[in-house]
Amino acid sequence: MAASCSTNLISFPPSLRKSTSPSYSLSWQASLPSTVSFAVGRRVSSRTTKLLVVVVTAMMEAKPTVLVAEKLGEAGLELLKGFANVDCSYNMSPEELCTKISLCDALIVRSGTKLLHGCLVVNAPTANTIAAAEHGVALLTAMARNIAQADASVKAGKWERSKYVGVSLVGKTLAVMGFGKVGSEVARRAKGLGMHVIAHDPYAPADRARAIGVNLVTFEEAISTADFISLHMPLTPATSKILNDESFSRMKKGVRIVNVARGGVIDEEALIRALDSGIVAQAALDVFTEEPPPKDSKLVQHENVTVTPHLGASTTEAQEGVAIEIAEAVVGALKGELAATAVNAPMVPAEVLSALAPFVVLAEKLGRLAVQLVAGGSGVRSVKVTYASSRGPDDLDTRLLRAMVTKGLIEPISSVFVNLVNADFTAKQRGLRITEERVVLDGSPENPLEFIQVQIANVESKFASAISESGEIKVEGRVKDGKPHLTKVGSFGVDVSLEGSLILLRHVDQPGIIGKVGSILGEENVNVSFMSVGRTAPRKQAVMTIGVDEEPSREALTSIGNLPAIEEFVFLEL
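Residues numbered from 1 in each chain as written. Predicted model: local features only at pLDDT ≥ 70, side-chain atom pairs only at ≥ 80, totals over all residues. Heavy atoms only, no water.

Regarding the sheet that holds strand β22 (residues 451-457)
So the rule is basically this: Any two strands are treated as partners once DSSP identifies two or more bridges connecting them. Secondary structure is summarised from DSSP: a helix means a run of H or I of at least four residues, a strand means a run of E of at least two, and numbering begins at the N terminus for each. Each axis is a line fitted through C-alpha atoms, taken for helices only over the stretch in contact, and angles between the N-to-C directions span 0 to 180 degrees.
Reading across the sheet, the six strands line up as β21-β20-β22-β23-β24-β25 and stay open at both edges, with mixed pairing between neighbours. A strand with exactly one partner marks an edge of an open sheet, and here the two such strands are β21 (433-440) and β25 (492-497). With strand direction ignored, the average angle separating the axes of adjacent strands in the sheet is 20°. Examined bridge by bridge, strand β20 (residues 382-389) and β21 share eight bridges and lie parallel to one another. When the sheet's bridge partners are listed, K384 is paired in β21 with T435.

Shown next, in the form of structure tokens:
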């Protein structure tokens, strides 16, 4: 029991070699005893109650035994019993659990149990969707009509009708921040309540939103025009404390906020200040930065805040749904199948991985860089990946590279973990079409690739210079001395190592501009790791690419942007 498990796992011994079977079955060719150790698991989200499955030993001949160490819904148990012997043993000590594992083929536990390393991760992405959406709408309506406060008042022997006058939802604008499964279901229900619904999600396809009568807008437009804001975004570095003093200051006075996503997306101290000042009239929260929150939490005790103890997935139906999904995942794994919802990759031959390793890093970073250049509102739908190589098509398997580009595109704005197994499924699920093109070069096939190019079509860019002559966001990179390098942005040639973070600037090519930018960063104690300038012609336009070890302050970036020669700039995290 080695690592704390926040994700779900299936592991395969390194000594095994995958068979040549064309299907994604777990068939292997090796000299083995009658048992093969491996593991399967379920991700346990901090937001929703999901189950963790660890398959410890797969018997080659006997009927498998599944140990259920914590309560599982009856529907899931019945499904398991149709395929395996099921042993329900609860409240075991870690020592007892370890002893029993050696006698079983699968183990179902919750997040408190620690697991083996090296496992394939699968999840159940749909079971809790409706429950979470319904809870969001319940908080929305309860907040608007002061249900919790009025209930407490009546139970205290009071009758304060005038104190708890609410607001109507009909005709009000709801901004859904994060238009994934839960967000879109909240939007559907809000439309049924007569609300005008807009949404912000840098990744959601605009046509999918329009299909249910929702307009995708920028973050700025969403927070500045909404009467109600409902949060449904994952907690990532980009979304951490995304609602803060600055964003609250740009909202309509009297806005109301619902959060059934993640506690960390709101700066809770800033929310208290916004409530006290009247910028935020009310908030309804199911999640908190620290759970449970402190008993003396000013936010929890605030008279204009309605709270619940992380109940988003807590319905009988959702728990049964999770039980069925997890049981199906266990049965599939024991049958030797790979689930479509697996969230990490099967074993890759060592020699292939060794040759592609630096290009794998390059592919992810190019995807991560490209998606950060997209301006919000339109959504990413069409991506083209070009590989330039001297190798023939049969000698260059691009599945892993494509998966890593997909990983870079999706993970910065999602809680999904992308890998070789689920990359195509995840992209399709989000309406993202990824096409590949190979450019055959003359020369030695010793190196797998000469360069990788990523293009995103039909979007606007935060950095106009990243738009190529054909109208797409375009970034291109190569591997130099084993390190990934960015070599082209739009039509501008550059040469910078893809390490740390980047500042891209378009400026007038004139003496002294590099020194001025460097001085501003130096005064902020921001270390510059590299700098490159590409230009169209002397004294014309140029693009400067700066690698930095620390994130510059907003003031430093503003100072750079205020330099007369600077025409546009953007800060990107890699």
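Section: the pattern of salt bridges
We apply this condition: Definition used for salt bridges: Asp or Glu carboxyl oxygen within 4 Å of a side-chain nitrogen of Lys or Arg. Working definition: with a 1.4 Å probe on protein chains only, accessible area under 20% of the residue-type maximum means buried, over 50% means exposed, and in between means partly exposed.
Evaluated as defined, the whole model comprises 20 salt bridges. Note that D151 and K155 form a salt bridge whose closest N and O atoms lie 3.3 Å from each other. One end of the pair is D151 and the other is K155, both in helix α4 (residues 147-155) and four residues apart, which spans about a single turn. Look at D151 and you get partly exposed, because its relative accessible area is 38%. On the basis of relative accessibility, which here comes to 67%, the residue K155 falls in the exposed class. Between K480 and D495 there is a salt bridge, with its nearest N and O atoms 3.0 Å apart. Remark: D495 occurs in strand β25 and K480 occurs in strand β23 (residues 473-480); sequence separation between them is 15 residues. Judged by its relative accessible area of 30%, K480 is partly exposed. Judged by its relative accessible area of 37%, D495 is partly exposed.

Points about helix α15 (residues 513-523)
Filter applied, for reference: Relevant arc is that of directions from the helix axis to the C-beta atoms, nothing else. Contacts are assigned to residue pairs that have any heavy atoms within 4.5 Å of one another.
Within the span of α15, buried status applies to I513, V517, I520 and L521. Looking straight down α15, one finds its buried side chains confined to an arc of 95°; they lie on one side. For α15, the secondary structure elements touched by its buried residues are β26 (501-508), β27 (528-535), β28 (541-548), α16 (554-561) and β29 (566-573). N525 lies just past α15 and shows a positive phi near 60°.

Quick notes on the sheet that holds strand β19 (residues 305-307)
With parallel pairing, seven strands are arranged side by side in an open sheet as β15-β14-β13-β16-β17-β18-β19. The open sheet terminates on both sides in strands that have one partner only, identified here as β15 (215-216) and β19. In the sheet, strand β13 (residues 173-177) pairs with strand β14 (residues 196-200) via five bridges, with the strands oriented parallel. Along β14, the bridge assignment pairs T173 with H196.

Here we look at a nonpolar patch on the surface
Applied cut-off: Exposure above 30% relative accessible area and the absence of a salt bridge qualify a residue for a patch, where like charges join within 9 Å and nonpolar side chains (Val, Leu, Ile, Met, Phe, Trp, Tyr) within 5 Å. Only the protein chains shown count as cover for residues, with accessible areas throughout obtained via the Shrake-Rupley method and a probe of 1.4 Å.
Taken together, the side chains of I514, V528, M531 and V533 present a nonpolar region at the surface, about 260 Å² in accessible area. Structurally, I514 is set in helix α15.

Observations concerning the pairing of strand β17 (residues 255-259)
Worth spelling out the cut-off: Handedness is read with the strands pointing away from the viewer; a crossover is right-handed when the path from the first strand over the helix to the second is clockwise.
Of all five residues that make up β17, five are buried, and the element is covered over most of its length. Of the two faces of β17, both are covered, the one formed by V255, I257 and N259 as well as the one formed by R256 and V258. Sheet topology note: the strand β16 (residues 228-231)/β17 ladder contains four bridges and is parallel. Bridging from a neighbouring strand, I229 pairs with I257 of β17. Handedness of the crossover joining β17 and strand β18 (residues 280-285) through helix α9 (residues 268-277) is recorded here as right-handed.

A word on the nonpolar core
We apply this condition: The set of buried Ala, Val, Leu, Ile, Met, Phe, Trp, Tyr and Cys residues whose side-chain atoms join them within 4.5 Å is what this entry labels a nonpolar core. An automatic or database domain assignment supplies the residue ranges for each domain.
Formed by 53 residues in total, the largest nonpolar core has its most connected members in L373, V383, L401, L409, I452, I456 and L486. Here this core gets nine residues from one element, more than from any other, and that element is helix α12 (residues 350-372). Each of domain 3 (347-486) and domain 4 (499-573) gives at least three residues to this core. When near neighbours in sequence (up to four residues on either side) are disregarded, L486 contacts L366, L369, V475, E476, G477, V494, D495, V496, L498, L502 and T545. Membership of the second largest hydrophobic core comes to 30 residues, among which are A226, M233, V255 and V265.

Examining the environment of F569
By secondary structure assignment, the location of F569 is in strand β29. It is 9.7 Å that separates the C-alpha atoms of F569 and T545, two residues lying 24 residues apart in sequence. For F569, the residues in contact, after removing those within four places along its chain, are F463, L504, L505, L557 and G561.

Digging into the pairing of β23
Pairing of β22 with β23, which is carried by five bridges, proceeds in the antiparallel orientation. Considered in β23, the bridge of Q455 is made with K474. From the end of β23 to the start of strand β24 (residues 483-489), which pair antiparallel, there are two residues, and D481 there has a positive phi angle of about 55°.

Shape descriptors only; they carry no functional weight alone.
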